[in-house]
Amino acid sequence: MHHEAPLYTLFGLTFNLANVLMITVTSVIVFVIAVLATRNLAMKPTGMQNFLEWVMDFVKGIIKSNMDWKTGGRFHMLGMTLIMYIFVANMLGLPFSVVIDNKLWWKSPTADPVVTLTLATMVVALSHYYGIKLNGFKEYAKGFVSPMPILFPLKIIEEFANTLTLGLRLYGNIFAGEILLALLAGSLATGVGGTIAAIIPTIAWQGFSIFVGAIQAFIFTMLTMVYMAHKVSHDH
Amino acid sequence: MFVLGAGGHGFNGGDIAFQLVMFLLLMFLLRKYAFGPLMGVMKQREEHIANEIEQAEKHHQEAKKLAEEQRELMKKSRQEAQALIEEARKLGEEQKEQIIQAARQEAERLKEAAKKEIAQEKEQAMVALRQQVASLSVLIASKVIEKELSEQDQAKLISEYIQEVGESR
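Residues numbered from 1 in each chain as written. Chains lettered and ligands numbered in written order. Predicted model: local features only at pLDDT ≥ 70, side-chain atom pairs only at ≥ 80, totals over all residues. Heavy atoms only, no water.

- In the annotation of an unreviewed UniProt entry, chain B is listed under the name ATP synthase subunit b and assigned to Anoxybacillus flavithermus.
- Its UniProt record, at the heading Sequence similarities (unreviewed entry), says of chain B: "Belongs to the ATPase B chain family." (UniProt positions renumbered as here; feature names shortened; annotations may be inferred.)

- Per an unreviewed UniProt entry, the recorded name for chain A is ATP synthase subunit a, and the organism is Anoxybacillus thermarum.
- Its UniProt record gives chain A a comment under Sequence similarities (unreviewed entry), which states: "Belongs to the ATPase A chain family."

What follows is the structure, given as structure tokens:
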């Protein structure tokens, strides 16, 4: 269970090469899917284009449920990239994991809190940026002391809590899924009896993990838009 | 090592930087090569559909107007036809009346002419009859006279005539 990470230090920064690999793989897969789906764009969509347009509309629906489209339209790309990236990332660790020299190479990048917290921090930072950009600094600052100035410490805590929960929720779900899959796979390898006993729970858990992965991608995007709306909207 | 993934070997800043850069790069590339064009097509389709709907509405309106016009025209032409038939009927009636009148007059005239002719014929026949009767009576008279008048009587008669002639002179 306790595999090591292939660490590498460059310019004083420590890289987990497994993360680097999986982030790259995820990005490439997302990009290839998106480009293949939009290679032959037509007014009458077919196949993959239909699927991607459905995703577009889905994300649009998420944004629209939080803010009006005039403000939220600029977050469409962010939402699309987030939902596709996180979904693909969640799926990658499901079929197998690769361990070389007791070092874990192939896994979901979202099973690492560094990755999920980076995404969460980026989202929260963006929400602050757009809060200032769209409403002005005064309105933005007023958000911290409304409805009562006494809430200011809570508001500050809320920002960090948001970041942490957003990142750790995703990490926890995916990491737990992978741990259980690894346990099941471990018992699969123990012998005939173990294989027979573990095969059905493994399949069931993989199916459930697909569901969890999709739900988590949706929740991450949804909460991103909720935080955005909270900072961007005028009536707060 | 899974305690927040920090691993205990220094700051994991490389992952953070790499994840950030990759995510932003991915977003940029997706916008440029996939979602941007897709969005364009979707917007284009939206406009196309809106256009089509507008067009359809316009056509519908036009068709409605045309149908109304057609109905109006139909009504008008029906009325016109009705009027024409009415007029023709009236004309026919008039002509019938005229023809009957003319026929009646003609008949009257013919009757009159026939009557006149009959009268004329009758007159002529009377004249002819009268002449016939006269000549016949003369003939009969002469026959009778021939048979009954004696020499004496003849002489007497002649002398009477002569006397008469002489007196009238």
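Concerning the UniProt feature "transmembrane region" (unreviewed entry) in chain A
All names here are of chain A.
In step 1: According to UniProt, the feature "transmembrane region" (unreviewed entry) maps to residues 20-38, 75-94, 114-132, 179-204 and 210-229 in the numbering used here.
In step 2: Secondary structure content for residues 20-38 is 95% helix and 0% strand, and the end C-alpha separation is 27 Å.
In step 3: Regarding residues 75-94, the helix share stands at 85% and the strand share at 0%, and the terminal C-alpha atoms are separated by 29 Å. (Helix = DSSP H or I, 4+ residues; strand = E, 2+ residues; numbered from the N terminus.)

Looking at the UniProt feature "coiled-coil region" (unreviewed entry) in chain B
In step 1: Look at the UniProt record and you will see "coiled-coil region" (unreviewed entry) annotated at residues 46-131 of chain B.
In step 2: For residues 46-131 of chain B, the helix share is 100%, the strand share is 0%, and the end-to-end C-alpha distance is 125 Å.

Here we look at the UniProt feature "transmembrane region" (unreviewed entry) in chain B
In step 1: Under the UniProt annotation, the feature "transmembrane region" (unreviewed entry) is placed at residues 16-35 of chain B.
In step 2: Annotated as 100% helix and 0% strand, the span residues 16-35 of chain B places its first and last C-alpha atoms 26 Å apart.

Considering the environment of A:Ala34
All names here are of chain A.
In step 1: Looking at where alanine 34 falls in the secondary structure, it is placed in helix 1 (residues 17-37).
In step 2: For alanine 34, a relative accessible area of 0% puts it in the buried group.
In step 3: A C-alpha to C-alpha distance of 26 Å links alanine 34 and tyrosine 227, two positions 193 residues apart in sequence. (Buried < 20%, exposed > 50% of the residue type's maximum accessible area, 1.4 Å probe, protein only.)

Some remarks on the nonpolar core
In step 1: One finds A:Phe75, A:Met84, A:Ile86, A:Phe220, B:Phe23 and B:Phe35 to be the most contacted residues of the largest nonpolar core, which totals 57 residues.
In step 2: Filtering out sequence-adjacent residues up to four positions away, A:Ile86 remains in contact with A:Leu119, A:Leu170, A:Ala217 and A:Phe220. (Core = buried A, V, L, I, M, F, W, Y, C linked by side-chain atoms within 4.5 Å. Contact = heavy atoms within 4.5 Å.)

Regarding the interface of chain A and chain B
In step 1: Across the boundary between the two partners, chain A contributes 48 residues, which contact 36 residues of chain B.
In step 2: The tally of links between chain A and chain B comes to 1 salt bridge.
In step 3: In this structure, A:Glu53 engages B:Arg45 in a salt bridge whose closest nitrogen and oxygen atoms are separated by 2.7 Å.
In step 4: Sorting the residues of the side of chain A that touches chain B by element identifies strand 2 (13-16), helix 1, helix 2 (47-64), helix 4 (76-92), helix 5 (113-145) and helix 6 (152-188) of chain A as the ones contributing at least two each. (Salt bridge = Lys/Arg side-chain N within 4 Å of Asp/Glu carboxyl O.)

Points about the packing of helix 2 of chain A against helix 1 (residues 13-148) of chain B
In step 1: Contact geometry for helix 2 of chain A and helix 1 of chain B: axes closest at 11 Å, N-to-C directions at 85 degrees. Classified by the angle their axes make, helix 2 of chain A and helix 1 of chain B are roughly perpendicular. Mapping the contact onto sequence places A:Gln49, A:Leu52, A:Glu53, A:Met56, A:Asp57 and A:Lys60 in helix 2 of chain A and B:Phe35, B:Leu38, B:Met39, B:Val41, B:Met42, B:Arg45 and B:Glu46 in helix 1 of chain B.
In step 2: Looking at the contact of helix 2 of chain A with helix 1 of chain B, its residues break down into 7 nonpolar, 1 polar and 5 charged. (Axes fitted to C-alpha atoms, helices over the stretch in contact; angles between N-to-C directions. Parallel < 35°, antiparallel > 145°, perpendicular 65-115°, else oblique. Nonpolar A, V, L, I, M, F, W, Y, C, P; charged D, E, K, R; others polar.)

Points about helix 1 of chain B
In step 1: For helix 1 of chain B, with 136 residues, the first-to-last C-alpha span of 193 Å sits near the 202 Å given by 1.5 Å per residue.
In step 2: Where helix 1 of chain B bends most, the angle comes to about 55 degrees, and this point is B:Arg31. (Expected span 1.5 Å × (residues − 1). Bend = angle between axes of the 7 residues up to and from the residue.)

What about helix 2 of chain A?
In step 1: An ideal rise of 1.5 Å per residue puts 26 Å on 18 residues; helix 2 of chain A measures up with 26 Å between its terminal C-alpha atoms.
In step 2: Of the residues making up helix 2 of chain A, those classed as buried are A:Gln49, A:Leu52, A:Glu53, A:Val55, A:Met56, A:Val59, A:Ile62 and A:Ile63.
In step 3: The inward-facing, buried residues of helix 2 of chain A contact helix 1, helix 3 (69-72), helix 4 and helix 7 (192-232) of chain A together with helix 1 of chain B.

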